[in-house]
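# Architecture at a glance
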Amino acid sequence: MSQSTVNSIRDIEAYSEDKASPLAGVNSLQIEGVSKTFADGGRIVEALRPVDLSIAAGEFVCLLGPSGCGKSTLLNIVAGLDKPSSGKITANGKAVHGPSTDRILLFQEAALFPWLDVQRNVEFGLQQAGVPAKRRKEIAHHFIETVNLKGFERSYPHQLSGGMKQRAAIARALAIDPAILLMDEPFGALDAFTRDHLQDEVESIWAATHKTILFVTHNVREAVALGDRVIVFAPRPGRVIRDFRIDLPRSRSLEDHKLVDKAAEILDALKSEMQLQEQEQKNGSTIH
Amino acid sequence: MAAPSISVSKQRPRTQWIGKLIRQLLFYVLLILLWQGLTALHIWKDYLFPGPLDVWTSLKGFIQDGSLLIAITVSLRRLLMGYIISLVLGLILGLLIGSNRYVEETLGSLVLGLQALPSVCWIPIALLWFGLHEQAMIFVVVMGALFSITLGVDAGIKNTPPVYIKAARNMGSRGLALSLQVILPAALPSILTGLKQGWTFAWRSLMAAELIYITVSLGGLLEGGRDLGDISQVFAIMIVLVIIGVIIDATIFAPLERTVRKRWGLSH
Ligand SMILES: Nc1ncnc2c1ncn2[C@@H]1O[C@H](COP(=O)(O)OP(=O)(O)OP(=O)(O)O)[C@@H](O)[C@H]1O
Ligand SMILES: [Mg+2]
């Protein structure tokens, strides 16, 4: 971890002192029987079988699974940007009916607004909330420092590297101070080096801010390195198959053999589940 | 999103920019020499094909007696006023059509039909409604630009990457703020295309209208040349029209387009 990260974490602690989560220990997110079926031009796609999950405030939960198993679908529903076909979501004690600034979704492609510079991107959510310009500037300044983007306030997204874009997107989300951060493969498009670095940063931001984080990834080791829990999804139809608790002490090294073992265990569980499924499909097709 | 690391920079160093200017200058000098050569051969009659010197004399006359400046002012004022009106109306119409399915089905189809109509077709209506009057000219300009701008805004809104709207809604943006602060800027590249097309249509229809409604204006001077059988005058004014077109494109639309395309990540 770089010195500046350490400094800025101290800043966040100072910043969030007055608003330390009053919900600590309480369930932050309750997902009950949430499913999603898409009717795609006559074809019915069961994107997500009913899911039940309960996530404690301040928990770091990784959603892991191969492509097409409904991870993004679930995250979009939790964000309130998509409606579930069935089931109910409760966030911070309130039923979810639409998007809200207490649940912010971060996208794989960062989704910064290209017509705004970094400063104004980070201020965007505050501006929507009617925060006065001066206060907005201070908060944005603070979080731009937190993600180590100082000096790039006036840069436009097209002038930033992929990693810097994700940093800016994280600052934009943090500025809104949501209780829950939903991260949909935010580092999927980055090189391994940048990815490692940003994982560290996210972990320290999480440790300092006590936010609840749902973090989608394809990468088993990334999931084990970051998560308090790793929820494993399987595709066709999308569903949750296992819920692993990771008790390894932090901060975890990707080379630590305990971490590697745990990752292997999770991968095995996923593989055997998929083999079982293939077997069933074969049997099914011979019967018919 | 494309990996920026492997993109080849297309930005030219300063020396290449000067090189381009020199090549262009050379081309036009050669063109004028060729023109002079052709006139010297007397293939066509002088009153059908003037030489560059005759055209220059004619042009110099208009510059000296001030009529060219007045004509340019009159025509550009009409263009500007009409264009501003169609810009405002086009933004409103485009936003309505782009954001409401019912407006699209009804008004949208009408705009699509009117856009296909050559804008010169508005001249008879303009003259009947407003008479030989300034309003008629402005009306023609508005009709020339309006539908292109409207469709540009509409297309831009429809092509707004959904991820921007999702992110904005998630951050608490809705209603008018969402439209003005997210959807409209996201649509800017496409709106610019509409603006540019709108300007060419407006410029063409204005010239057509000015040929009919003779006042001191660029179109008026052009038609005046025909009345007098003065081919040098016709050539001179046409050259002025070309130059104005090039200047407006080079000083307004080209830089705007370059900045927007670059910033929106559509080019490097
Ligand atoms: N709007 C939609 N219409 C129809 N089908 C959809 C839609 N969105 C998602 N799906 C389908 O739902 C399933 C789950 O998609 P989802 O994007 O949630 O997967 P994912 O786990 O995020 O995959 P990835 O890891 O590749 O991002 C897929 O089979 C996909 O084809
Ligand atoms: Mg996904």
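Worth saying up front: this structure is predicted, and the values here are computed from it rather than measured. (Residues numbered from 1 in each chain as written. Chains lettered and ligands numbered in written order. Predicted model: local features only at pLDDT ≥ 70, side-chain atom pairs only at ≥ 80, totals over all residues. Heavy atoms only, no water.)

## Considering the site of ligand 1
All names here are of chain A. Among the 13 residues in the neighbourhood of ligand 1, the closest are listed as Ser-67, Lys-71, Ser-72, Thr-73 and His-218. A distance of 2.8 Å separates an oxygen atom of ligand 1 from a polar atom in the backbone of Gly-68. Glu-185 places a side-chain nitrogen or oxygen 3.4 Å from an oxygen atom of ligand 1. Bound to the protein, ligand 1 loses 63% of the 630 Å² it would expose on its own. (Near = heavy atom within 4 Å. Polar contact = N/O pair within 3.5 Å; in protein donor to acceptor, adjacent residues only side chain to side chain. Areas by Shrake-Rupley, 256 points an atom, 1.4 Å probe, with all protein chains shown as cover.)

## Re the pattern of salt bridges
Working definition: two side chains of opposite charge can pair if their charged atoms are close together. All names here are of chain A. One pass over the structure, following the stated rule, counts 28 salt bridges over all chains. Here Glu-222 ties to Arg-195 by a salt bridge, and the two come within 3.0 Å at their closest N and O atoms. Residue Glu-222 is found in helix 7 (residues 220-226), and its partner Arg-195 is found in helix 6 (residues 192-209); the two are separated by 27 residues along the sequence. For the pair Glu-222 and Arg-195, a shared accessibility class is recorded, and that class is buried. (Salt bridge = Lys/Arg side-chain N within 4 Å of Asp/Glu carboxyl O. Helix = DSSP H or I, 4+ residues; strand = E, 2+ residues; numbered from the N terminus. Buried < 20%, exposed > 50% of the residue type's maximum accessible area, 1.4 Å probe, protein only.)

## Thoughts on the sheet that holds strand 7 (residues 180-184) of chain A
Residue and element names in this part refer to chain A. Here 6 strands make up an open sheet; going across it, the order is 6-7-8-3-9-10 and the pairing mixed. Both outer strands of the open sheet, strand 6 (103-106) and strand 10 (239-245), are each paired with one neighbouring strand and no more. The average angle at which neighbouring strand axes cross in this sheet is 15°, direction not considered. When strand 3 (residues 60-64) meets strand 8 (residues 212-217), the two strands line up parallel, connected through 5 bridges. Bridge pairing in strand 8 links Phe-60 to Ile-213. Packed onto the sheet, helix 5 (residues 162-175) meets strand 6 and strand 7 and runs at close to 175° relative to strand 6. Lying over the sheet, helix 6 contacts strand 3, strand 7 and strand 8, oriented at roughly 160° with respect to strand 8. (Pairing = 2+ DSSP bridges. Axes fitted to C-alpha atoms, helices over the stretch in contact; angles between N-to-C directions. Contact = heavy atoms within 4.5 Å.)

## Re the sheet that holds strand 5 (residues 94-95) of chain A
All names here are of chain A. Strands sit in the order 2-1-4-5 across an open sheet of 4 strands; the sheet is antiparallel. Looking along the sheet, the strands with just one partner apiece sit at the ends: strand 2 (43-56) and strand 5. In the sheet, strand 1 (residues 27-40) pairs with strand 2 via 10 bridges, with the strands oriented antiparallel. Within strand 2, the position partnered with Leu-29 by the bridge is Ile-55.

## Brief notes about the pairing of strand 7 of chain A
Along any regular strand, the residues point their side chains to alternate faces of the sheet. All names here are of chain A. Counted residue by residue, strand 7 has 5 buried out of 5 residues, so it is predominantly covered. Residues Ile-180, Leu-182 and Asp-184 line one face of strand 7 and the alternating positions Leu-181 and Met-183 line the opposite face, and both faces are buried. Relative to strand 7, strand 6 runs parallel, the two sharing 4 bridges. Counted as the bridge partner of Arg-103 is Ile-180 from strand 7. Relative to strand 8, strand 7 is paired through 5 bridges, and the arrangement is parallel. Directly across from Leu-182, in strand 8, lies its bridge partner Leu-214.

## Considering the side chain of Asp-154 of chain B
All names here are of chain B. Here Asp-154 lies in helix 6 (residues 134-158). With a relative accessible area of 11%, Asp-154 lands in the buried category. A polar atom in the side chain of Asp-154 sits 2.6 Å from the side chain of Lys-158. The contacts of Asp-154, once residues within four sequence positions are left out, are Gly-94, Ile-97 and Gly-98.

This is a description of form; function is not addressed.
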